[in-house]
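# Remarks on the overall topology
The lines below spell out each chain.
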Amino acid sequence: MSQIPSRPTPNAPISVPAAHDPTDNAPHREADDREEVYYEGSPLLRGQIGHVFLWTVLGLGLIAVPVLNGIYKWGLPWYVNVALVLIGIFFFVIPLLIVKRTRYRVTNYRIDFERGWLTTAIDTLELWHVEDIKFRQNLFEKIMGVGTVEILSHDDTTPDLALRGIPRARQLFTTLEQRIIAVKRQRGVLKMDTGT
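Since this is a predicted model, take the numbers as computed values, not measurements. Residue indices follow the written sequence of each chain, beginning from 1 at its first position. A pLDDT threshold of at least 70 governs which residues receive local features in this predicted model, and a stricter bar of 80 or more applies before side-chain atom pairs are shown or counted, although totals over entire chains, interfaces and linings include all residues. Only hydrogens and water are set aside when side-chain values are computed; all heavy atoms of the structure are taken into account.

## Examining the sheet that holds strand S2 (residues 102–107)
Going by this rule: Two strands are counted as paired when DSSP detects at least two bridges linking them. By the criteria applied, helices consist of DSSP H or I runs no shorter than four residues and strands consist of E runs no shorter than two, each listed in order from the N terminus. A fitted line through C-alpha atoms serves as each axis, taken over the contacting stretch for helices, and the angle formed by two N-to-C directions is quoted from 0 to 180°.
One open sheet accounts for four strands, arranged S1-S2-S3-S4; its pairing is antiparallel. For this open sheet the edge positions go to strand S1 (37–41) and strand S4 (121–126), each flanked by a neighbour on one side alone. For this sheet, the mean angle separating the axes of adjacent strands, direction not counted, is 10 degrees. Of the pairings in the sheet, the one linking S2 to strand S3 (residues 110–115) comprises five bridges and is antiparallel in character. From the neighbouring strand, Thr 102 faces S3, where its bridge partner is Arg 115.

Below you can see the structure in the form of structure tokens.
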């Protein structure tokens, strides 16, 4: 006697095939379009040690004039002395203002380069436009733990972009180097060296 399979009850759970695992390394896996941020922020002040030194010396020079005026009685009016001290103090802040007017946002698909204080301009460089990428780090930058990642591209608005004063710049350089190749492969724009 044959058995007829019983029908599932209306409240019984339905078996659904397992969802596609995004970590699966199958060759036909769909591209992941989520944006991942590698770096976001302004250049670090310690990466601008030359600017800091220059503006500090100029500020101290301006502040020294009223002090020397008091010692040697040069006869400068009080308001000139006050103005020189205030300008000298402002010179200490200039390096901070210079680095804070620039902001970078580096992701797995693009680099946004923002600059300005009162008005803001943002340029976007898509990674697949990048032709070459370079890493630079002088002795002072190495001591301070910062570096520069230079990006050369065939983008019309941002052909050359230098990300200066970046912490862990070598790590960012390596990540971008690999990511640029991956993005170009996705878009089918890898450049072939013909040897000519």
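## Points about the pairing of S3
Here S2 folds back onto S3 in antiparallel fashion, the turn holding two residues. Sheet analysis places S3 next to S4, joined by six bridges and oriented antiparallel. The residue bridging Glu 114 from the neighbouring strand is Ile 122, located in S4. Taking the residues that link successive antiparallel strands as the turn, the S3-S4 hairpin has five residues, and the phi of Gly 116 there is positive, at about 125 degrees.

## Comments concerning the layout of surface pockets
Stated precisely, the cut-off is as follows: Here a cavity denotes grid points, spaced 1 Å and computed from the protein atoms alone, that fit a 1.4 Å probe unable to get out, and a pocket denotes an open set having protein on both sides within 12 Å along at least 5 of 7 lines; residues with an atom within 4 Å of a point are the lining. Grid points are joined across faces, edges and corners, and a volume is the space filled by probe spheres set on the points. Ten residue types, Ala, Val, Leu, Ile, Met, Phe, Trp, Tyr, Cys and Pro, are classed as nonpolar, four, Asp, Glu, Lys and Arg, as charged, and the remainder, Gly among them, as polar.
Computed from the structure, the second largest pocket encloses a volume of approximately 200 Å³. Around the second largest pocket sit Pro 43, Gln 48, His 51, Ile 98, Val 99, Arg 101, Thr 102, Tyr 104, Phe 113, Leu 161, Ala 162 and Arg 164, which together line it. Listed by contribution, the elements that provide at least two residues to the lining of the second largest pocket are helix H2 (78–100), S2 and strand S7 (160–167). The greatest single-element share of the lining of the second largest pocket, amounting to three residues, is contributed by S7. In the lining of the second largest pocket, the residues fall into seven nonpolar, three polar and two charged.

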